[in-house]
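Geometric and topological summary
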Amino acid sequence: MAAPLQFNPAFIGDLAAIRRDIHAHPELAFKEARTANLVAAELTRYGVEVHRGLAGTGVVGLLRAGNSKRMIGLRADMDALPLKEMNEFPHRSKHEGCMHACGHDGHTTMLLGAARYLAEHRDEIGFDGTAVFIFQPAEESEGGAAVMIEEGLFEQFPVDAVYGLHNWPGIPVGEMAVMPGPVMAGTCAFEITVRGHGCHAAMPHQGIDTIVAASQLVQALQTVVARNLHPCDAAVVSVTQFHSGSAWNIIPEEAVLRGTIRTFKPEVQEMVERAIERLCSGVAAANGAQIGVVFDHRYPPTVNSATETEICRQVAASVLGADRVRKDELPSMGAEDFAYMLREKPGCYVWLGNGPGTGGCTLHNPHYDFNDEIIALGVRYWVELVRQTLGR
Ligand SMILES: [Zn+2]
Ligand SMILES: [Zn+2]
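Read on for an overview of the structure.

Conventions adopted
- Residues numbered from 1 in each chain as written.
- Chains lettered and ligands numbered in written order.
- Predicted model: local features only at pLDDT ≥ 70, side-chain atom pairs only at ≥ 80, totals over all residues.
- Heavy atoms only, no water.
- Donors = N, O, S within 2.8 Å, 3.2 Å for Na, K, Ca; no water.
- Helix = DSSP H or I, 4+ residues; strand = E, 2+ residues; numbered from the N terminus.
- Buried < 20%, exposed > 50% of the residue type's maximum accessible area, 1.4 Å probe, protein only.
- Pairing = 2+ DSSP bridges.
- Contact = heavy atoms within 4.5 Å.
- Axes fitted to C-alpha atoms, helices over the stretch in contact; angles between N-to-C directions.
- Tetrahedral: all angles 85-135°; square planar, octahedral: opposite > 155°, others 65-115°.

1. Re the coordination of the zinc ion (ligand 2)
Binding of the zinc ion (ligand 2) to the protein goes through Cys102 (SG), His104 (NE2) and His166 (NE2), at separations of 2.1 to 2.4 Å. Counting residues between consecutive donors of the zinc ion (ligand 2) along the chain gives the motif C-x1-H-x61-H. Distance-wise, the zinc ion (ligand 1) is placed 3.2 Å from the zinc ion (ligand 2), both being coordinated by Cys102. A residue pair is termed long-range when its members are at least 10 positions apart, and Cys102 in the loop between strand 3 (71-77) and helix 3 (104-120) and His166 in strand 5 (residues 161-168) qualify at 64 residues. Classification of His166 by relative accessible area gives buried; the value is 3%.

Structure (structure tokens):
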């Protein structure tokens, strides 16, 4: 096996400075203009070929070595969240109400570091093929990956496989989780409208009580997972909004319930939707109300392919040591738009430990900060992945 990579401290110092600069200048989905300019300028400086414009702010870097047609995609996300940062350190957000609370500043930086290292050391690394560095906009809620794909990402850059990485608070620094199959859930929003018959609150016999019917439905929805789903499958049905009423003496005409469904398999998603529809019509009939439901499908589940997962386990083991690669971490019910890339191409999405996650350093928390100690590990992982998949 090749010797472990040695990084010059100045190289890691430069990357930490880039990471803090991006952290201080967060940008929301599809508005990552400054970040994209920074990424493109850095890639150009390293001698990496730059392609811009996919999904607006997307940046793709190409690094070729040798003559092989082999090609792999390495992906980072660039967007931040609409959240007011509560940290007080010098690199805190300068953009009020916008924050890198998911560590995409770190993901972007680590992939830049890999691009630079590979460009500077392509001969000694000895790879034969093309590494495609994909910097995507709008991972948070807006599906930037899907837009890049629609606009021709994989036609222009027909990669054999695609790889993603997310920092993970709660996993110690120096460890990674690499699991096959579904690792992040698919997500679907729903809206239920309950229509009864409004009346005086003191004369309930003259109306159809929307609040009672909607309350029964909230309770009944909890049987979808508990009583319909195979106990070894997983799903979540959460009602997160209940809007109704305008006065203490009026039984309202309408109630609106909203919430989210999380599943790992299309057939489970299908089953959950049919069960919700059944409960809506049953509760409607029982109360003489009218109930309609609309589903809004968002991200599909993120599903790792078996071969590429095994490759990533070996890569992670050679970077961190085999005993520091977690193989049976539970999947997350959170969602990830890298799922769209994994629907098109085989690949693997891994979690890199960001530390204990104490003091509010958890994803989407206003006290979160990406841990600069893991920059070198992330860069090593990407470089090693290129070496092991495109090596001569
Ligand atoms: Zn996030
Ligand atoms: Zn994220």
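2. Comments concerning the pairing of strand 5
Within strand 5, eight of the eight residues are buried, which leaves the element mostly enclosed by the surrounding structure. Residues Ala161, Tyr163, Leu165 and Asn167 of strand 5 are buried on one face, and the alternating residues Val162, Gly164, His166 and Trp168, pointing to the opposite face, are buried as well. The sheet contact formed by strand 5 and strand 16 (residues 347-353) spans seven bridges and is parallel. Counterpart to Val162 in the pairing with strand 16 is Gly347.

3. Here's the deal with the sheet that holds strand 16
With mixed pairing, the eight strands of this open sheet are ordered in space as 1-2-4-3-5-16-6-15. Each edge of the open sheet is held by one strand with a lone partner, namely strand 1 (49-52) and strand 15 (325-326). Across four bridges, the pairing between strand 1 and strand 2 (residues 59-65) is antiparallel. Each bridged residue has a counterpart across the sheet, and for Glu49 the counterpart in strand 2 is Leu62. Its contacts with the sheet place helix 3 against strand 2, strand 3, strand 4 (129-136), strand 5 and strand 16, and it is angled at close to 145 degrees to strand 3. Contacting strand 3, strand 4, strand 5, strand 6 (176-177) and strand 16, helix 11 (residues 375-390) runs over the sheet at an angle of about 165 degrees to strand 3.

4. Considerations on the sheet that holds strand 12 (residues 254-263)
Read from one edge to the other, the open sheet built from four strands follows the order 10-12-8-13, with strand pairing classed as antiparallel. Either end of the sheet is taken by a strand with one partner, and the two such strands are strand 10 (235-244) and strand 13 (290-297). Taking each pair of neighbouring strands and ignoring which way they run, the sheet shows an average axis angle of 20 degrees. Judged from the ten bridges that link them, strand 8 (residues 186-195) and strand 12 form a sheet pairing that is antiparallel. Each residue of the ladder has a partner; that of Ala189, found in strand 12, is Thr260. Where helix 7 (residues 210-228) meets the sheet, its contacts fall on strand 8, strand 10, strand 12 and strand 13, and the angle it forms with strand 10 comes to roughly 170 degrees. Contacts between helix 8 (residues 266-287) and the sheet are confined to strand 8, strand 10, strand 12 and strand 13, with strand 13 contributing the most and set at about 165 degrees to the helix.

5. Topic: the coordination of the zinc ion (ligand 1)
Taken together, the protein donors to the zinc ion (ligand 1) comprise Cys102 (SG), Glu140 (OE), Glu140 (OE) and His364 (NE2), at separations of 2.0 to 2.8 Å. Coordination at the zinc ion (ligand 1) comes from four donor atoms whose angles at the metal span 52 to 154 degrees, giving a geometry best classed as irregular. All donors to the zinc ion (ligand 1) come from one chain, and their sequence spacing reads C-x37-E-x223-H.

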